[in-house]
Amino acid sequence: MAAKPKLCYFRGRGRMESIRWLLAAAGVEFEEEFIETREQYEKLQKDGRLLFGQVPLVEMDGMVLTQTKAILSYLAAKYDLYGKDLKERVRVDMYADGTLDLMMMIALAAFKTPGEKEENLALVVKKAKTCYFPAFEKILKDHGEDFLVGNKFSWADIQLLEAVLMVEELDASVLSDFPLLKAFKTRISNIPTIKKFLQPGSQRKLPPDSHYVKTVRNVLQL
Amino acid sequence: MAGKPRLHYFNARGLMESIRWLLAAAGVEFEEEFIDTPEDFEKLKNDGSLIFQQVPMVEIDGMKLVQSRAILNYIAAKHNLYGRDIKERALIDMYIEGVADLNAKFRPLPVTPPDEKDAKITLIKESTTNRYLPAFENVLKSHGQDYLVGNRLSRADIHLVELLYLVEELDPNLLANFPLLKALKTRISNLPTVKKFLQPGSPRKPPVDEKILEKARKILKF
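As recorded in an unreviewed UniProt entry, chain B goes by the name Glutathione S-transferase, listed as coming from Equus caballus. Annotation of chain B in UniProt includes, under Catalytic activity (unreviewed entry), the sentence "RX + glutathione = an S-substituted glutathione + a halide anion + H(+)".

If you check an unreviewed UniProt entry, chain A appears there as Glutathione S-transferase from Equus caballus. In its Sequence similarities (unreviewed entry) section, the UniProt record describing chain A reads: "Belongs to the GST superfamily. Alpha family." Regarding chain A, the UniProt comment filed under Catalytic activity (unreviewed entry) reads as follows: "RX + glutathione = an S-substituted glutathione + a halide anion + H(+)".

Here it is as structure tokens:
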């Protein structure tokens, strides 16, 4: 029996969270090693597993993978969450890339000065409300289907749910003008694997707090 | 016969240049519609062509694609430049994400304030010679093959060589200690399609200069 994927990252969301979501949604159990000290990180860099000296790192199927998008694409393809052909795949990619952009803005805001952080997060909410969410609302409206691409659950749906929940943490009313997104959120949240992941005690991580920011700054010497 | 792909972007490298390189390397002729004025950009946004109100946008095979990564993935897969299976693809993805990360460090240089520019250039040079180029040199060294992945040409080789030209533009000495990368650059540059693209008069765009910058400022209002 294949070994479980092993994730190596900080104990927080950052660039690893979308990978946790995808694995969880696909019903794949995984292990995690958390980086807490500079010494741990330097050891990782020295032992040659980090191609560009960076995490996230995922070891699975005999591969040592870094680069978030490489890992996500591999998982999506492996677990049949990438559309049925090239034309569906490009749509999954477009939508997943868009939501990843939005989520990265939130992840990076945690590392700014308090004033800048507030400004950046306000901008994220604005972009969500004026650009991203209207786009996805329209996509759902145009085809009237339950999932974003090809009438079938895909990576794009998982990331959109993740992004929606993240933005709601910043502004609880953000979905008020988007009825189809609201229904989408409920529907995808009720998928058994996702429902399980959304419960306390799962491997889902919390929003970045000062302890997390301090740890990352210390380890990466930012 | 399908029409040629139609690229929508500014008359500059930016996020479209990798797409131009990949299409050219794959031997695909394409057309370009340049965004020259704020009105051009507004028109594109208003006619619903841009899912997330951003460019690059490429019209291809009856679709209007956005998100440069999604576009590149589609072109690579369509033209057999994405490896033979999902494991080769994961390797390719890991390498090209590294290329994209370094490429992204170069991009803000034209708009960096003069008093910060030298420091930034030093950091880029360090990253280049200490982190990224050694990683790729080692990949080539580890298998001794002519191409990065699977002993055949893939997008990884194209994107990396594009980056090597960028590195060389900054400082030719940066490539001095990387003989295998230099050989790869020569080998890929001699492929008939790439050779053609490297000649004057091709769709390849020049480095950003003051004129291009001024135009971009007007259109994007920064």
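The helix and strand tally for chain B stands at nine helices and four strands. The secondary structure elements of chain B, listed N-terminal to C-terminal, are β-α-β-α-β-β-α-α-α-α-α-α-α. What you see for chain B is a C-alpha radius of gyration of 18 Å, in line with the 17 Å of a compact globule of 222 residues. Seen along its three principal axes, the alpha-carbon backbone of chain B occupies a region of about 50 × 50 × 30 Å. For chain B, the proportion of its 222 residues judged to be buried stands at 47%. For chain B, restricting intrachain contacts to residue pairs at least 6 apart in sequence, the fraction spanning at least 24 positions comes to 65%. Per element, the accessible surface of chain B, about 10,600 Å² overall, is 52% carbon and sulfur.

Once that is clear, we can look at the nonpolar core. Core analysis: the largest hydrophobic core is formed by 152 residues, its most contacted members being Phe133 and Leu148 of chain A. Beyond its immediate sequence surroundings of up to four residues, phenylalanine 133 of chain A is in contact with Leu102, Ala128, Val164, Val167, Val174, Leu175, Phe178 and Leu181 of chain A.

The subject of this paragraph is the packing of aromatic side chains. Taken as a whole and judged by the stated rule, the model has 16 aromatic pairs over all chains. With a centroid separation of 5.4 Å and 55 degrees between ring planes, the pair formed by phenylalanine 52 of chain A and phenylalanine 136 of chain B is classed as tilted. Highlighted residues: phenylalanine 52 of chain A in the loop between helix H2 (38-46) and strand E3 (57-60) and phenylalanine 136 of chain B in helix H5 (residues 114-143), drawn from two different chains. Accessibility assignment for this pair places phenylalanine 52 of chain A and phenylalanine 136 of chain B in one class, buried. These aromatic residues form a ring-pair network of at least three members: Phe52 of chain A together with Tyr95, Tyr132 and Phe136 of chain B. Across from the ring centre of tyrosine 82 of chain B, 5.4 Å away, lies the NZ or CZ of arginine 89 of chain B, which sits over that ring. The ring of tyrosine 82 of chain B carries the charged tip of arginine 155 of chain B above its face, separated from the ring centre by 4.8 Å.

Residues and elements named next belong to chain A. Across the sheet, which stays open at both edges, the four strands sit in the order E2-E1-E3-E4 with mixed pairing between neighbours. Unpaired on one side and paired on the other, strand E2 (31-34) and strand E4 (63-66) mark the two borders of the sheet. Strand-to-strand twist in this sheet, taken as the mean axis angle between neighbours without regard to direction, amounts to 20 degrees. In the sheet, E3 pairs with E4 via four bridges, with the strands oriented antiparallel. By the bridge assignment, glutamate 59 is partnered in E4 with valine 64. Contacts from helix H1 (residues 17-25) reach strand E1 (6-9), E2 and E3 within the one sheet, and its direction differs from that of E1 by about 160 degrees.

Residue and element names in this part refer to chain B. One open sheet accounts for four strands, arranged E2-E1-E3-E4; its pairing is mixed. Pairing within the sheet leaves two strands with one partner each, and these edge strands are strand E2 (31-34) and strand E4 (63-66). On average, adjacent strands in this sheet sit at an angle of 20 degrees to one another, irrespective of strand direction. Bridge count between strand E1 (residues 6-9) and E2: four bridges; the pairing is parallel. Paired with arginine 6 across the two strands is glutamate 31, which belongs to E2. Packing of helix H1 (residues 17-25) onto the sheet brings it into contact with E1, E2 and strand E3 (57-60), and relative to E1 it is tilted by some 165 degrees.

A surface patch of nonpolar side chains, amounting to about 270 Å² of accessible area, comprises Val111, Leu220 and Phe222 of chain B. Following the sequence through the fold, phenylalanine 222 of chain B ends up in the segment after helix H9 (210-220).

Turning our eyes to something else, we now look at the pairing of E3 of chain B. The two faces of a sheet get side chains in turn, since along a regular strand they alternate between them. Residue and element names in this part refer to chain B. With three bridges joining them, E1 and E3 adopt antiparallel strand pairing. Bridge pairing links arginine 6 to glutamate 59 in E3. Relative to E4, E3 runs antiparallel, the two being bridged by four bridges. Looking at E4, one finds that valine 58 is bridged to leucine 65. The loop that links E3 with its antiparallel partner E4 comprises two residues; one of these, aspartate 61, has a positive phi angle of about 50 degrees.

Let's shift gears to unusual backbone geometry. Residues valine 55 of chain A and proline 56 of chain A are joined by a peptide bond in cis, for which omega reads 15 degrees. Position of proline 56 of chain A relative to the elements: it lies in the loop between H2 and E3. Of note, the amide linkage connecting valine 55 of chain B to proline 56 of chain B takes the cis form, showing an omega dihedral of 10 degrees. Take proline 56 of chain B: it is sitting in the loop between helix H2 (38-46) and E3. Of note, the phi angle at aspartate 80 of chain A is positive, near 60 degrees, even though the residue is not glycine. Note on placement: aspartate 80 of chain A falls in the loop between helix H3 (68-78) and helix H4 (86-109).

How each quantity is defined
- Residues numbered from 1 in each chain as written.
- Chains lettered and ligands numbered in written order.
- Predicted model: local features only at pLDDT ≥ 70, side-chain atom pairs only at ≥ 80, totals over all residues.
- Heavy atoms only, no water.
- UniProt positions renumbered as here; feature names shortened; annotations may be inferred.
- Helix = DSSP H or I, 4+ residues; strand = E, 2+ residues; numbered from the N terminus.
- Rg over C-alpha atoms; globule rule 2.2 N^0.38 Å.
- Buried < 20%, exposed > 50% of the residue type's maximum accessible area, 1.4 Å probe, protein only.
- Contact = heavy atoms within 4.5 Å.
- Areas by Shrake-Rupley, 256 points an atom, 1.4 Å probe, with all protein chains shown as cover.
- Core = buried A, V, L, I, M, F, W, Y, C linked by side-chain atoms within 4.5 Å.
- Phe/Tyr/Trp six-rings, centres within 6.5 Å; stacked < 30°, edge-to-face > 60°.
- Lys NZ or Arg CZ within 6 Å of the ring centre and 35° of its normal.
- Pairing = 2+ DSSP bridges.
- Axes fitted to C-alpha atoms, helices over the stretch in contact; angles between N-to-C directions.
- Patch = residues over 30% accessible without salt bridge, like charges linked within 9 Å, V, L, I, M, F, W, Y side chains within 5 Å.
- Salt bridge = Lys/Arg side-chain N within 4 Å of Asp/Glu carboxyl O.

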